[in-house]
Amino acid sequence: MSLALAVGGVATALVGGRLVLAQRSVADRSIFLLGRGLADEAALSARVGAPVGRFYGLAQRALWGILQPDLIRADVDGACAALAGELGGLFASHVVIAFVRRARGQAQAADEALARARELARPEHPFAHVLPSAAEWACEAPPVALEEVVPGVLWRVPVFYTHGLVPFHEFAYATVIRRRSGEVVLLNPVAMPEAIAAEIRAIGPVTHLVTPLKFHNLFVAEGQRLFPGARSFGVAGHRKNPPSAHLRFDGILDDRAPLFPGEIEQVAIAGHQFEETVFFHPESRTAFVHDLIFGCQPGRPGYTFWWRLYCLVFGIHDGFGVPSYHPMLWTNVPRLRASVARVLAWDADRVLCCHAPASAIEAGGREVLEGALGWVRDLGTAEHAVMVGRYFREQPGFLRDLLRYLVKQGG
Ligand SMILES: [Fe+2]
């Protein structure tokens, strides 16, 4: 008994010691601008003219409470009141409030909040790109077309869609890959006009519909309707996740049996609730990433208001990175690290991100991925635990929400 107690005491001391070391090693890291330091956060606060950590905390509560009310019981009104009260001089606070009001059908209050945001905004402000255009505020969807990215090999189709109560458009891309055989793979199928589906069929027979992560499920059935001869592939989580459990998949992505050996490489990102598989086409040096990283590059066309605001609120306003809620969804850091290291070893030049225009990363993709994900490859398990602990301390309700989410997922 005394030996067991002694062993337990030593183990506790070792774990405690490891956490203390981890605490020290990540003490200067931002939990909102992932991969960056508190010094970067302070510098951004100086440029923005307000404490961005406080803005992110409140804006995240407000947005999550609107976007995922089934999972996250945020005090949206309280967050909006705090944004207006504590951070009322920051125009982006009023953009968030305007978004919330529109999502709740309070058009006049939304217009007033947006007018206040426009009064306060300056063109040179680091967040200025988030303001909606008149067409975006009117919720007009841009036209869609099949876009050729690599002649004869890669194309993309955008989809602009709304979800839940929010009237503003999210957007995503499907990627068309023409294989050496002439057969066509549709990666991340989306809804599209029949005319575009016909253009894709003219490229070659569509044999595979690949939905590369658990939380993409809206358009699986539509893809199957448009391309009935193709086989559908998803990830294991699709069969368990309630919104996708009813969908038909003919196969499950598995690195041990790649779908297109010698032609398209694939890496399942392990230890991450998203269960995303990332792909790489060596001949065109193109990597295909869906939700592993998000991006926002002001000035590039194609990012909708919804997406610019979402990225801003989750810590991405000037490039590509990991949104600030992802670490909460990491379940096995050593496995995650190993997966990310395999992705970063690819000789990628172009990176096609699902929620970013094709023009976003045209070259130097490996360096962009390294900048966004290198810190994840190098993150220790204890350091991750400390960062998540700090996040929950900032957003205490999210621990309860995460547990509820895990129960709903059955895992
Ligand atoms: Fe996504």
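**Here's the deal with the domain arrangement of the protein**
Once the domains are mapped, the protein shows domain 1 (38–131) and domain 2 (147–379). Summarising the inter-unit geometry, the C-alpha centres of domain 1 and domain 2 are found 28 Å apart. Breaking the side of domain 1 that touches domain 2 down by element, the ones donating at least two residues are α3 (52–67) and α5 (91–103). With six residues, the top contributor of residues to the side of domain 1 that touches domain 2 is α3. Looking at the side of domain 1 that touches domain 2 residue by residue, the classes come out as twelve nonpolar, two polar and one charged.

**A word on the sheet that holds strand β1 (residues 147–150)**
Read from one edge to the other, the open sheet built from seven strands follows the order β1-β2-β3-β4-β5-β6-β7, with strand pairing classed as mixed. On the outer flanks of this sheet lie β1 and β7 (251–252), each paired with one strand and no other.

**What to know about the nonpolar core**
Counting 125 residues, the largest nonpolar core has Ala62, Val95, Val96 and Leu186 as its most contacted members. Taken together, domain 1 (38–131) and domain 2 (147–379) each give at least three residues to this core, which thus spans both. Leaving out residues up to four positions away in the same chain, Val96 has contacts with Ala59, Ala62, Leu63 and Leu83.

Rules used throughout
Each chain carries its own residue numbering, running from 1 in the written order of its sequence. Selection of residues for local features in this predicted model requires a pLDDT of at least 70, selection of side-chain atom pairs for listing and counting requires 80 or more, and totals for whole chains, interfaces and linings are taken over all residues. Domain extents, as shown, originate in an automatic or database domain assignment. Helix and strand definitions follow DSSP, with helices as H or I runs of at least four residues and strands as E runs of at least two, each counted in order from the N terminus. Under this grouping Gly is polar, as are all residues other than the nonpolar Ala, Val, Leu, Ile, Met, Phe, Trp, Tyr, Cys and Pro and the charged Asp, Glu, Lys and Arg. For two strands to count as paired, DSSP must find a minimum of two bridges between them. For this analysis, nonpolar core means a set of buried Ala, Val, Leu, Ile, Met, Phe, Trp, Tyr and Cys residues linked through C-beta atoms within 7 Å. Exposure classification rests on a simple neighbour count of other C-beta atoms within 10 Å of a residue's own: a residue reaching 20 or more is buried, one at 12 or fewer is exposed, and one in between is partly exposed. C-beta atoms are placed from the backbone. Whether two residues are in contact is decided by their C-beta atoms, placed from the backbone, lying within 7 Å.

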